[in-house]
Amino acid sequence: MHPESFLYRLHFQSQAVIPSDWEVDWEDAPLPYKLYKELPSFLLDHHIPLNPSPLGRRKLEGAEWIGHFLWFAYGLTQFAHTATPADSEEKTSTSFPSLRRFAPSGGGLYPSELYLYVKETPFAQGVYHYDAAHHRLVLIREGNFDDYITKTLGLRLDVSSCKAVCFITTVYWKNFFKYHNFSFRLQGLDAGAVISQTEETARQFGLHSHVHLSFLHKAADHLLGLNRLEETTLGILALSEQEIPAATGKEELTGASLIEEIPAVQTTCYQRSKHIKPHQDILQLHEAAVLSSSSLFRTNASVPQQEKYGKDIYPLSESRATTSSFRDACMNRCSPEGDFIDRSMDAGKIAALLKQSTLPDVSSISIYLCINGTDRIDAGAYEYDPASHSLLTIEKGDFRQMLQSGMTMHNVPLHHTPLCIHVAGARNVDAGGYRMQLIHAGRVMQRILLAASALGMNGHPLLGFHVPIPDSIYQLDIRKQTTLIQIPIGYHTPKSRLSGVLHA
Ligand SMILES: Cc1cc2nc3c(=O)[nH]c(=O)nc-3n(C[C@H](O)[C@H](O)[C@H](O)COP(=O)(O)O)c2cc1C
């Protein structure tokens, strides 16, 4: 497999990288969460306060903050039975069960896992897996790893000043079993959504988070005791009570030398599937994305700034739109699918939503949008310019039919949503750059979804679309960019599902 040509097909002709006879064996599906066997585990507080504004009102300590924090970041938050419309022949509707979390996930499969380096009592200092199924911590290895993690981050952050460190991984088989090679794109985006949800949760807890996508991957995997044929670390988030300035990390470090510093740990897991099919291409792509030395770390400064090229400029207002609390935004977030309704959107809401969408630390990601059905903005395709908080017109017109025709499944009615956002990144990047862009796009996606939910609407992330369609609408090939995720946003009726919140 040649990674660059494979990536091209994966992105622009994704059907070409999935065997035509690929069949999903639902009977042998893996669990949507990871379970460790025979390791010490510690139950976390299940009494998550769900009355308004539980976060930030008082300082949470020790086990309490860890339990609440992890539940908001990546806990199982809802058990739902979703009804599917009646089949015309059988005339009966069916329903399927799912365990939902606050971050979305392609197909609801949740390939990401969360690990936590804990530094405070009552837990022994060490590295734990967050067992979402039981809302508990499972001890992987005990000890002080401040120095090791600082080196894993290429000396860019002093971990001894941090309160805790989160590691977001992806378990390949958890979504490969359904999506085959297409799962690579979902793994990056899903991890980005979890990182963003964790960042926002940290902010609500009054903590600073320092997100690192450039780190010594093999050293991180070694620390967590991962089997690299099954799982790898995609992002590291250090949490601190005070702002910590980033360091330059002048000394060159390598993953190979770092893993010699601590012994390997052996663990056993249960994931239900009896037959795990080979996923060689995915393994090779993740391997090609590995940073083996800190001299290879990508900095934001090395990404060329995109020139804005829109014609007319629509300055957006500093919106005073009413937004709900973080807790309510999380609880009300859902992917509306076929439940979007045809209702126009106030331009002030678009302004409020876009204001919260961008990542200040990332310049390689751009936001484009098709608008149709707002009061003060003409229907058309636009680029959002965060610096001036304005829309730059690319072309006026109604692009809904074009976007709908580009969908691989027609389960989301794009003609009902007044807004369809496209998060874009650079074309022609290598495997590492592509994976990093997917993760950043996932971070932006989750910011958009939480903002939409807080404004009383919702967005439905979509990867099942033909990328050249939005690329042609925004003329992205000229800009050497391409679409990474599509998010229609609008109002909707309540989801036709029976659901219960999972907390004590
Ligand atoms: C990266 C990503 C891609 C997705 N792509 C699709 C898609 O192509 N079609 C679709 O119907 N839903 C898609 N979804 C939505 C998921 O199916 C949905 O998030 C999941 O079922 C969980 O439901 P929830 O978002 O309501 O919590 C995608 C979600 C993510 C995060």
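Caption draft 1: Structural detail: the overall build of the protein. Across its full length, the protein carries 13 helices and 19 strands. Taken over C-alpha atoms, the radius of gyration comes to 22 Å for the protein, in line with the 23 Å a tight globule of 504 residues would show. Expressed as lengths along the three principal axes of its C-alpha atoms, the size of the protein is roughly 60 × 55 × 55 Å. Within the protein, the fraction of its 504 residues that count as buried is 57%. Of note, the protein has its 45 positive side-chain charges centred 3 Å away from the centre of its 52 negative side-chain charges.

Caption draft 2: Structural detail: the sheet that holds strand β4 (residues 94–100). Judged by pairing direction, the sheet is antiparallel, and its 3 strands sit side by side in the order β4-β3-β19 without closing on themselves. The open sheet is flanked by β4 and β19 (497–501), the only strands paired with a single partner. The mean inter-strand angle of the sheet, taken between neighbouring strand axes irrespective of direction, is 15 degrees. As paired strands, strand β3 (residues 78–84) and β19 are joined by 5 bridges and run antiparallel to one another. Its bridge partner lying in β19, Thr 82 is registered against Arg 497.

Caption draft 3: Fine view of the domain arrangement of the protein. Each assigned domain of the protein is listed here: domain 1 (3–80 + 98–297) and domain 2 (313–499). Each of domain 1 and domain 2 has a C-alpha centre, and the two are 26 Å apart. Taken together, the contact pairs 45 residues of domain 1 with 38 residues of domain 2. Counting each side, the surface lost to burial between domain 1 and domain 2 is near 3600 Å², with a carbon and sulfur contribution of 66%. Here domain 1 and domain 2 share 1 salt bridge between them. Of the charged contacts, one joins Glu 199 and Arg 443 as a salt bridge, the two residues approaching to 3.0 Å between their closest N and O atoms. Across the domain 1-domain 2 interface, the total number found is 11 residue pairs in polar contact (both at pLDDT 80 or more). Of all the secondary-structure elements, those providing two or more residues to the side of domain 1 that touches domain 2 are α1 (3–12), β3, α5 (183–204), β10 (231–240) and α8 (280–288). Residue contributions to the side of domain 1 that touches domain 2 peak at 14 residues, all from α5. Classifying every residue of the side of domain 1 that touches domain 2 gives 25 nonpolar, 14 polar and 6 charged.

Caption draft 4: View of the packing of aromatic side chains. Counting across every chain of the model gives 19 aromatic pairs. Relative to Phe 72, the ring of Trp 71 has its centre 5.3 Å away and its plane inclined at 90 degrees; by these criteria the two rings are edge-to-face. For Trp 71, a relative accessible area of 3% gives the class buried. Since its relative accessible area comes to 1%, Phe 72 is described here as buried. Site record: aromatic cluster; members linked through ring pairs are Trp 22, Trp 26, Trp 173, Phe 176 and Phe 177. The aromatic ring of Tyr 74 is capped on one face by Arg 101, whose charged end is 4.1 Å from the ring centroid. It is Arg 343 that lies over the ring of Tyr 491; its NZ or CZ is 3.8 Å from the centre.

Caption draft 5: Spatial organisation of the nonpolar core. Counting 64 residues, the largest nonpolar core has Leu 353, Leu 369, Leu 391, Ile 421 and Ile 489 as the members making the most contacts within it. The element best represented in this core is helix α12 (residues 431–454), accounting for 10 residues. Residues lining this core come from more than one domain, with at least three contributed by each of domain 1 (3–80 + 98–297) and domain 2 (313–499). For Ile 421, the residues in contact, after removing those within four places along its chain, are Leu 353, Leu 354, Ile 367, Tyr 368, Leu 369, Ile 448, Ile 485, Gln 486, Ile 487 and Ile 489. The next biggest cluster of nonpolar side chains, apart from the first, holds 37 residues, and it includes Leu 31, Trp 65, Val 118 and Met 436.

What counts and what doesn't
- Residues numbered from 1 in each chain as written.
- Predicted model: local features only at pLDDT ≥ 70, side-chain atom pairs only at ≥ 80, totals over all residues.
- Heavy atoms only, no water.
- Helix = DSSP H or I, 4+ residues; strand = E, 2+ residues; numbered from the N terminus.
- Rg over C-alpha atoms; globule rule 2.2 N^0.38 Å.
- Buried < 20%, exposed > 50% of the residue type's maximum accessible area, 1.4 Å probe, protein only.
- Lys, Arg positive; Asp, Glu negative; His and termini not counted.
- Charge placed at Lys NZ, Arg CZ, Asp CG, Glu CD.
- Pairing = 2+ DSSP bridges.
- Axes fitted to C-alpha atoms, helices over the stretch in contact; angles between N-to-C directions.
- Domains from an automatic or database assignment.
- Contact = heavy atoms within 4.5 Å.
- Buried area = accessible area lost by both parts, 1.4 Å probe.
- Salt bridge = Lys/Arg side-chain N within 4 Å of Asp/Glu carboxyl O.
- Polar contact = N/O pair within 3.5 Å; in protein donor to acceptor, adjacent residues only side chain to side chain.
- Nonpolar A, V, L, I, M, F, W, Y, C, P; charged D, E, K, R; others polar.
- Phe/Tyr/Trp six-rings, centres within 6.5 Å; stacked < 30°, edge-to-face > 60°.
- Lys NZ or Arg CZ within 6 Å of the ring centre and 35° of its normal.
- Core = buried A, V, L, I, M, F, W, Y, C linked by side-chain atoms within 4.5 Å.

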